[in-house]
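Below, each chain spelled out in residue letters.
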Amino acid sequence: MLTSEELSALRAAIPADPDLADLLNTLRARARPVLESFPVVPEVKALLSRDGGFCPHDGAPLRFDPWSPDHHRCPRCGSSFSGERHHRHWARAQHLWLAERTAELSLIAAVSDDASAAARAAELLAAYDELYFQVPNRDNVLGPSHLFFSTYLESLWLTSYLAGAVLLREGGLLPPERAPGIDRVAEEAAALLGEFNEGFSNRQTWHSAALTAIAVWFDDLELARTAVESRTGLLGHLADGFGEDGLWWEGENYHLFALRGLMQGIHWARAMGFDLLEDAEVRRHFRAALLGPSQSALPDFTYPARRDSRYGVSLAQPASLELWEIGRAWLGNDAELDAWLAALYAQPKPSGPGETYDAWLHDAGLPPRSPADLPTCRPADLSWWALTAMQPAPAPASEWRPESVLLGNQGLAVLRDGDRYASLECGRAIGGHGHPDRLHLTLHANGIHWLPDQGTGSYVHPSLAWYRSALAHNAPLLDGSNAGGADAWCEAFEAGDEWSWCRGKAGEARRTLVLGPTHLLDLLELEAADAREIVLPWHFQGRLQLESAGHWEPLELELPFVSEADRFVPAQEGVVAFSVQEEAKGRRLGGHLLAPGAELVRAIAPGLPTAPEPRGFLLLRARASAVRWLTVLDFAPPPADSDAAVTSLEISGELIEVGMRRGTIRYRFTPAALQVEHAGKQETLSGFRRAPRPATRTAAQGSDAEALAPRIVAPPALDGTLEGFELAAPLTLDTELQYRRSEEPYDPERFSAQAWVNWDGEALYLAAEVRKPELLVRGPDVPPLELDNEPEDIHSDGLQVYLGEGDGSEAWGFLVVPGEAGSLRTRPIEGPSPAKLSGSWAPTDAGYLVTLRLDHPGISLLGPGARLRFDLLINELQPGRQRRAGQLIWSGGNGWIYLRGDRHDISHAGTLELG
């Protein structure tokens, strides 16, 4: 991504800059094993599976070692494992690591006349001349791909692969015979990426970067302009993906991923003459995006595991540090960025789980370095990309001192006081990588993450459903739904001299936080017209001890992933006192809880994703139309009888009194402000904000597809034939607009269907005749695929049937797969339902025919002219595949099948009229 002139300038700058010289030495040390021995190039496509790459004993991710393709060690138990699943999991990282090494070797060669590095880089490029096309583009999880199972991984790989090729070419070191092979790979990759546009997505940021890299390789100005300036190009993602508060709309984890892709794209665009940062507004927005993670960073310099973020990941890891190093070089003198980087470089070198990810594998396979020998990261620990852009670092003019902040686009209110941090989620439900976490409380104090957002677990493990549930957050549930399903907004936010506060509202629920010098006050309120079930979980990290008199008794609590529930029976009504002890550092958090009418429950659920062993948590619950639950969390260090320790708690109307040995703090809420009185002083906090305009939600538009269900006198035979069916109103599924594909375009000669729906006043009857050369189903005795969390039977020939009320407010569905001897395997979609399904199937000369009876209590109440939401989906499995190849949808498909599982939005279904 550097021109020959830029390479010459870099070569001249390295001897005069100690950081650049040290980094070049690091790159040479990393490259030495690859120069001494040609690495293994996987001849297989990477596979995403539930068991590949994970220890079968304790579930820990196996360590990636690029020099060990067949034996993979567990870092937790020390055992070694082998097999195809582990090897194909290893292949994902290996392909990416090899591309990184190609770019690294090419840069070393270009700036230091290293002929051996140039030769090895050319050999690595040549390794993919044929392999890229031999590995099949099929059985993908998210988008077309040859080497991987998702298109975004192909984009990651391609940016490094082409960086190596361009650096060799610009350095005059690329053998002429190598260019045609690179051309072929780049052309095929351009076709894949151009066809699979993911719209407004962190992954599309990388697709745009990769397309810009392809444009540089071919010197294609038109392609570069599209990749940079289109709605889903680099500028579009910078403008709309990173809000005014600087953070990417999907949270911090995806912020760093999208930012890296954006910055790679910006760097590639420069080589085509697009200097995006010349524009002042683009430059301002880029700076906000660069500093976005610093605004929400926890006191230990990890990012909060909001939404689908990984838990406990340090912002001081090299993969993140080099983003700020390169950004600082591009922006020039920036005191805030200098202070932020200096603070990160002062942090201990990250060594925890999850510090290595797909976009940064540079240290893989190297001998581990002792933290005692190298306690913090240095610029010399970064990658080849940092060498291309890094500038000498000035001494910071001031220390990094984060302040309380309201991140408006995220809906995140952060209250800070020294090393104490409390935040409240006040945003909208975003879907996708969003979690049901409105009004969630995060607390980090005295070096301990007492109340974390647990983030996300493995995407292929069933426990993912727990981490994505409302119950796994410190957030209120109304009638089983987070905040009753309402979006939250921040009603008030202000940081004063000693106290700061925020208040969030979501529908009928309101939560107020006040952070002071010695404790956090948390007030949860509900005002509803009718009684609601309200639940508030608390996931404290540490050993919990109830200090109020009382006892526990067993309780039946039927909740997913939850077990061993007990209910606390206090000796007397009023305040419940408790403490949480963190054993490793000997820190203590005190707590006082005043929740009239609430039941206090303890139970067991999965722990943090990094330590998923079951652990206890608390929850409050009640059924009421109005509640005021008050909690005070006390930061006073041991001994607990210090003057700052909380001793009492009272609430009377809008006045809250927190008693301590050194006096009483009074919190008085008024319509205009919060007044805090203590030790003869008063501080007034306001910061009330206007309610936002209601979100513009486009009403769900159903499909134009309409069908008639003729009435019949008697039920049909339901024996896998059309006997007894009225065939006057067929439903056809045979057009490209009705097909969702994985890789191959639709071919009606290969796959189509016709269906008929009848009714008799008691039930609906469906016959679906599928034309397909070969019926492919997995029998009940076949070992499970263990690919992901989706139902196994979606990867078979079969049907998905959906029916709902006309407005889509209530719906149900079934997954149907032909079984043995005309039987059907059926399973309800989205949990239990009063609906029932029965029937059979039979082979035909052209495929197979399924006949079904659909019973629901509501059907017998309908009459002629009634209109229902209805849809029929036909899954297609092809020979030689593990995953389904596509899907016909009666109401209309015309898209991609990835990540859909058995999920289908009934509001977009067609209309079925009863005749």
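Residues numbered from 1 in each chain as written. Predicted model: local features only at pLDDT ≥ 70, side-chain atom pairs only at ≥ 80, totals over all residues. Heavy atoms only, no water.

Caption draft 1: A look at the overall build of the chain. Looking only at helices and strands, the chain features 16 helices and 39 strands. Relative to the globule expectation of 29 Å for 915 residues, the C-alpha radius of gyration of the chain, 30 Å, shows essentially globular dimensions. The dimensions of the chain, computed from C-alpha atoms along their principal axes, are 85 × 80 × 55 Å. The burial tally for the chain puts 58% of its 915 residues in the buried class. The contacts in the chain between residues at least 6 apart in sequence include a share of 67% that link residues at least 24 apart. Seen as two clouds, the 81 positive and the 125 negative side-chain charges of the chain have centres 3 Å apart. (Helix = DSSP H or I, 4+ residues; strand = E, 2+ residues; numbered from the N terminus. Rg over C-alpha atoms; globule rule 2.2 N^0.38 Å. Buried < 20%, exposed > 50% of the residue type's maximum accessible area, 1.4 Å probe, protein only. Contact = heavy atoms within 4.5 Å. Lys, Arg positive; Asp, Glu negative; His and termini not counted. Charge placed at Lys NZ, Arg CZ, Asp CG, Glu CD.)

Caption draft 2: Inspection of the sheet that holds strand 25 (residues 681-685) at higher detail. A sheet is described by the order of its strands in space; here five strands give the open sequence 21-22-23-24-25, paired in antiparallel fashion. Taken across any chain shown, the strands that pair with only one partner, and hence form the sheet edges, are strand 21 (646-652) and strand 25. Across the sheet, the axes of successive neighbouring strands diverge by a mean angle of 15°, strand direction being ignored. Sheet topology note: the strand 22 (residues 655-660)/strand 23 (residues 663-669) ladder contains six bridges and is antiparallel. Bridging across to strand 23, Glu657 finds its partner in Arg666. (Pairing = 2+ DSSP bridges. Axes fitted to C-alpha atoms, helices over the stretch in contact; angles between N-to-C directions.)

Caption draft 3: Focus on the pairing of strand 24 (residues 674-678). Residues Leu674, Val676 and His678 line the buried face of strand 24, whereas the alternating positions Gln675 and Glu677 sit on a face that is not buried. In this sheet, strand 24 lies alongside strand 23 in antiparallel orientation, the contact comprising four bridges. Each residue of the ladder has a partner; that of Phe669, found in strand 24, is Leu674. Once strand 23 ends, the chain turns through four residues before running back antiparallel as strand 24. Pairing of strand 24 with strand 25 involves five bridges; the strand directions are antiparallel. Residue pairing in the sheet places His678 in a bridge with Lys681 of strand 25. Connecting strand 24 to the next strand, strand 25, in antiparallel fashion are two residues, including Ala679 with a positive phi near 55°.

Caption draft 4: Examining the state of the cysteines more closely. Summed over all chains, the structure comprises zero disulfides. Considering cysteine sulfurs only, Cys74 is the nearest to Cys55, which forms no disulfide, with 3.7 Å between them. For the unlinked cysteine Cys77, the closest cysteine sulfur is that of Cys74, found at 3.7 Å. With relative accessibility at 37%, the residue Cys77 sits in the partly exposed group. (Disulfide = S-S within 2.5 Å.)

Caption draft 5: Main features of helix 6 (residues 151-170). Between the first and last C-alpha of helix 6 there are 28 Å, a value that for 20 residues agrees with the 28 Å anticipated at 1.5 Å per step. Summarising burial for helix 6: 18 of the 20 residues are buried, a large majority. At the C-terminal side of helix 6, Gly172 shows a positive phi close to 70°. (Expected span 1.5 Å × (residues − 1).)

Caption draft 6: The arrangement of the nonpolar core in detail. Counting 129 residues, the largest nonpolar core has Trp157, Leu158, Phe286 and Trp340 as its most contacted members. It is helix 3 (residues 84-112) that contributes the most residues to this core, 13 residues altogether. Non-local contacts of Trp157, meaning those with residues more than four positions away in its chain, are made with His95, Leu96, Ala99, Tyr128, Tyr132, Leu147, Phe148 and Val185. One finds Leu536, Leu546, Ala595 and Leu618 within the second-largest nonpolar core, a separate group that totals 47 residues. (Core = buried A, V, L, I, M, F, W, Y, C linked by side-chain atoms within 4.5 Å.)

Caption draft 7: Quick look at the environment of Leu262. With respect to the helices and strands, the residue Leu262 is situated in helix 11 (residues 252-271). Measuring from C-alpha to C-alpha, the distance between Leu262 and Trp249 comes to 14 Å, with 13 residues separating the pair along the chain. Ignoring sequence-local partners within four residues, the contact set of Leu262 consists of Thr205, Leu234, Leu238, Phe242 and Phe286.

Caption draft 8: Just the packing of aromatic side chains, in detail. The final tally for this structure, using the stated rule, is 28 aromatic pairs. Look at Trp67 and Trp97: their rings are 5.8 Å apart centre to centre, the planes differ by 80°, and that puts the pair in the edge-to-face class. Placement of Trp67 in the loop between helix 2 (18-36) and strand 1 (72-73) and of Trp97 in helix 3 is noted, with a sequence separation of 30 residues between them. On the basis of relative accessible area, Trp67 is assigned to the partly exposed category, the value being 31%. Cluster of aromatic residues (ring-pair linked, three or more members): Tyr128, Tyr132, Phe133, Trp157 and Tyr161. It is Arg468 that lies over the ring of Tyr459; its NZ or CZ is 5.2 Å from the centre. In this arrangement the basic side chain of Arg511 is found over the ring face of Trp538, its NZ or CZ atom lying 5.7 Å from the centre. (Phe/Tyr/Trp six-rings, centres within 6.5 Å; stacked < 30°, edge-to-face > 60°. Lys NZ or Arg CZ within 6 Å of the ring centre and 35° of its normal.)

Caption draft 9: Representation of helix 9 (residues 221-229) in the model. All of the buried residues in helix 9 are Ala224, Ala227 and Val228. Projected onto a plane normal to the axis of helix 9, the buried residues spread over an arc of 95° and lie on a single side. For helix 9, the secondary structure elements touched by its buried residues are helix 8 (202-218), helix 10 (234-241) and helix 11. Its side-chain oxygen at 3.2 Å from the backbone nitrogen of Glu222, Asp220 defines the N-terminal cap of helix 9. (Arc of directions from axis to C-beta. Polar contact = N/O pair within 3.5 Å; in protein donor to acceptor, adjacent residues only side chain to side chain.)

Caption draft 10: Structural view of the pairing of strand 5 (residues 420-425). Where burial is concerned, most of strand 5 is hidden: six out of the six residues are buried. Side chains of strand 5 alternate between two faces, with Arg420, Ala422 and Leu424 and Tyr421, Ser423 and Glu425 buried alike. As paired strands, strand 4 (residues 412-417) and strand 5 are joined by six bridges and run antiparallel to one another. Among the inter-strand pairings, Leu415 is bridged to a residue of strand 5, identified as Ala422. Pairing geometry for strand 5 and strand 6 (residues 441-445), over four bridges, is antiparallel. Counted as the bridge partner of Ala422 is Leu443 from strand 6.

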